[in-house]
Structure formats: structure tokens, C-alpha cells
Amino acid sequence: MLCPWRTANLGLLLILAVFLVAASNSLCMDEKQITQNHSKVLAEVNISWPVQMARNAVLCCPPIEFRNLIIIVWEIILRGQPSCTKSYRKETNETKETNCTDERITWVSTPDQNSDLQICPVAITHDGYYRCIMATPDGNFHRGYHLQVLVTPEVTLFESRNRTAVCEAVAGKPAAQISWIPAGDCAPTEHEYWGNGTVTVKSTCHWEGHNVSTVTCHVSHLTGNKSLYIELLPVPGAKKSAKLYMPYVILTIIILTIVGFIWLLKISGCRKYNLNKTESTSVVEEDEMQPYASYTEKNNPLYDTTNKVKASQALQSEVGTDLHTL
């Protein structure tokens, strides 16, 4: 990790500035990687350093050899708070703090072992200026940080009315940027600033008359980008047309139901009529056939002959019985 220290050589400062751009959460590096003549008093160098909230940060002083050290002083100036000072004097091996109440800002280790300052974890209230001052017999060495705390915004997307969508990036730091896909008829972007330094950004867009069913809200921020999408309601004209035709559809269904019911009743009545008619015809035919059958039976010679034969046989049987008795 890099931790450049000051020198009068402007070229060295430019090279070290390039290293600082590539550094991450900690800007410190091994003291053995830097050797320089400390015979001159260094001008103060300030670095702007963005750090995301809820992460840890380590701030470091220039890598001065401990044997040349007299005193280390960390000055911490936070917004809306009194200046805090943390110091260490080598001669007496004594540490001292003035107006320092935040327990999350501490030495990484004991100052005689490590002069770095750590913030665990970073909160939005840690936004401010931090400076390390190291005094040696050869002069004073300074290193300053403008710490900018980044806060990830909360993104919401909803439809407020017909085909109008609202996208909000709530309480971000710094302010987020909002764009739409596809582009719509958008009102000017609104910004609401809060007392803790965060900003809420609101964008409202309308897609009336556009053949668009889904829209996407894209939020750009230093902590990362986020996209949300939403499906819009149908075009109002198409919805009204459907409503106009609905009564006719319902009326048609009712008429068809009535006609079908009448048709079923008609079919059922015809079946009952045909059945009754068939039964009546059968009864009439039987009634008409009975006299004819009786008449045929009475006037048929075959029936008469049969009756005579039967009577003769009965008579003979009776005579035979009488003779046997005698």
C-alpha cells in the first residue's frame, strides 16, 4: 500500500500522485520502499479520498524512521464537531487525546509501533479533514486527507398514474444520476437535500401515446449502478374501447342464453307430445281389434268344428264311464 511523503522535488510529488490514484482503502506502504533526504521542511499535501460507508479505512503518516521522530499529531476536523487531536511524544512514550469522543477512530496499533489511524467502520459523520503532522529534527512532515464518505442510495420505482413512472434514489451521497430506457416525456429532476449531507433524487416520466409496455430506471452512483423496471398499464384509448364493447358482449351472451333455453324447452315438449301420441294410437288400435277378434272367433267354421269334436269326446267319455259302472 502506498503512502508517499513530501519533498521539495516536484517531480517526485507527481509520481507519487499517480500511485495514490491506484491505491485502495489504505494509502500506506512499507517504509523501506521510500528513502529520501529529510533535511527540508515539506509543504502540506492534501488528498481527496472517497470511502464507502460501513467499510474500514486506514489513514497513514509519512514513513519516517522512528529514531528520528519527536512527536506525532493527528488533527481530526469533522463537520459540526469540535476539532479532535491525538498525539504521541516519543521522549516520554506518552499519548494524549483532546476532544476525541468517537471510539471508532483509533490508532491501528500503539503509536511507537504504527502511527496509522483507522476508522472502523466508516460512518456518515466521519466526513471531514484528517491531517498527520510528524516532527523530526530535520523538520515537520504533513499529510492531509479530505475524507468523503459515500452513501449508497435506496432506489425505488413505481407507477403513480396511467403510464407515468416515478424513480427515486433516496438519501445518496453524493447525489445519484437517473436515466430512463426508453426515454419518455420527463419532468425536470428534483433534488431534496438532507441535513446529514445526503440527497434524494426524483425523476418522473410519462409515456402516453408511446407503444411502450416496459420501462427501466437506471441509477448511476459512485458506489455502484442499479436498474429497476416496471410494466406500464395499457394505453388509455385501448382500455376505453374494451369498456365500450363490454355491454354489447354481455347482452349477446344473455340473448344466446335465453334462445338456447327456449330451444331446449321446445325440444323437450315435442318429445313428450310424440310419446303421448304414440301411446294413444296403440290403445285405440287394441280397442278396435278386440270386437273383430271376437267376431272372427264366433263366425269362424274352424272354431265350430273344434267345439263339436270336443263335445263328442266328452260325451263318449261319460257313456264309457256309465257302462263300466254297470
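Keep in mind the model is a prediction, meaning the values are calculated, not measured.

1. Structural notes on the sheet that holds strand β6 (residues 105-107)
- An order of β2-β7-β6 is seen for the 3 strands of this open sheet, with the pairing classed as antiparallel. The sheet is open, and its two edges are formed by β2 (57-59) and β6, each paired on a single side. When strand polarity is set aside, the average angle formed by the axes of neighbouring strands in this sheet is 25°.
- With 3 bridges joining them, β6 and strand β7 (residues 117-119) adopt antiparallel strand pairing. Paired with isoleucine 105 across the two strands is isoleucine 119, which belongs to β7.

2. Re the pattern of salt bridges
- Considering all chains together, one arrives at 6 salt bridges under this definition.
- A salt bridge links aspartate 127 to arginine 79; its shortest N-O distance comes to 3.7 Å. With aspartate 127 in the loop between β7 and β8 (128-136) and arginine 79 in the loop between β3 (71-78) and β4 (84-89), the pair connects residues that are 48 residues apart, well separated along the chain.
- Taking the relative accessible area as the measure of exposure, aspartate 127 reaches 14% and is therefore buried.
- Its salt-bridge partner being aspartate 102, residue arginine 104 comes within 3.1 Å of it at the nearest N-O pair.

3. Things to note about the packing of aromatic side chains
- Inspection of every chain in the model, using the stated rule, returns 3 aromatic pairs.
- Aromatic pair tryptophan 49 and tyrosine 145: ring centres 5.7 Å apart, planes at 45°, arrangement tilted. Here tryptophan 49, found in strand β1 (residues 46-52), pairs with tyrosine 145, found in strand β9 (residues 139-150); they are 96 residues apart in sequence, far enough to count as distant. For the residue pair tryptophan 49 and tyrosine 145, the accessibility class agrees, reading buried in each case.
- Ring centres of tryptophan 180 and tryptophan 207 lie 5.3 Å apart, and the angle between their planes is 70°; this geometry places the pair in the edge-to-face category. With tryptophan 180 in strand β12 (residues 177-181) and tryptophan 207 in the loop between β15 (199-206) and β16 (214-220), the pair connects residues that are 27 residues apart, well separated along the chain.
- Counting every residue linked through ring pairs, the aromatic cluster contains Trp49, Trp74 and Tyr145.

4. Overview of the side chain of threonine 164
- Tracing the chain through its elements places threonine 164 in strand β11 (residues 164-172).
- Only 2.5 Å separates the side chain of threonine 164 from the side chain of histidine 206, close enough to count as a polar contact.
- Discounting residues that sit within four places of it in the chain, threonine 164 has contacts with Phe158, Glu159, Thr204, Cys205 and His206.

5. Points about the side chain of histidine 126
- Within the element layout of this structure, histidine 126 appears in the loop between β7 and β8.
- Its relative accessible area of 0% is what places histidine 126 among the buried residues.
- For histidine 126, the side chain forms a polar contact with the side chain of aspartate 102, separated by 2.7 Å.
- Discounting residues that sit within four places of it in the chain, histidine 126 has contacts with Leu78, Asp102, Arg104, Ile105, Ile119, Pro121, Leu147 and Val149.

6. Let's talk about the pairing of β11
- Here 7 bridges tie strand β10 (residues 154-161) to β11, and the two strands are oriented antiparallel to one another. Across the sheet, the residue bridging to glutamate 154 is valine 170, located in β11.
- Count of turn residues in the β10/β11 antiparallel hairpin: 2 residues, of which arginine 163 carries a positive phi of about 60°.
- As paired elements, β11 and β15 share 7 bridges and run antiparallel to each other. Bridge pairing in β15 places threonine 164 opposite histidine 206.

Rules behind the numbers
Residues numbered from 1 in each chain as written. Predicted model: local features only at pLDDT ≥ 70, side-chain atom pairs only at ≥ 80, totals over all residues. Heavy atoms only, no water. Pairing = 2+ DSSP bridges. Helix = DSSP H or I, 4+ residues; strand = E, 2+ residues; numbered from the N terminus. Axes fitted to C-alpha atoms, helices over the stretch in contact; angles between N-to-C directions. Salt bridge = Lys/Arg side-chain N within 4 Å of Asp/Glu carboxyl O. Buried < 20%, exposed > 50% of the residue type's maximum accessible area, 1.4 Å probe, protein only. Phe/Tyr/Trp six-rings, centres within 6.5 Å; stacked < 30°, edge-to-face > 60°. Polar contact = N/O pair within 3.5 Å; in protein donor to acceptor, adjacent residues only side chain to side chain. Contact = heavy atoms within 4.5 Å.

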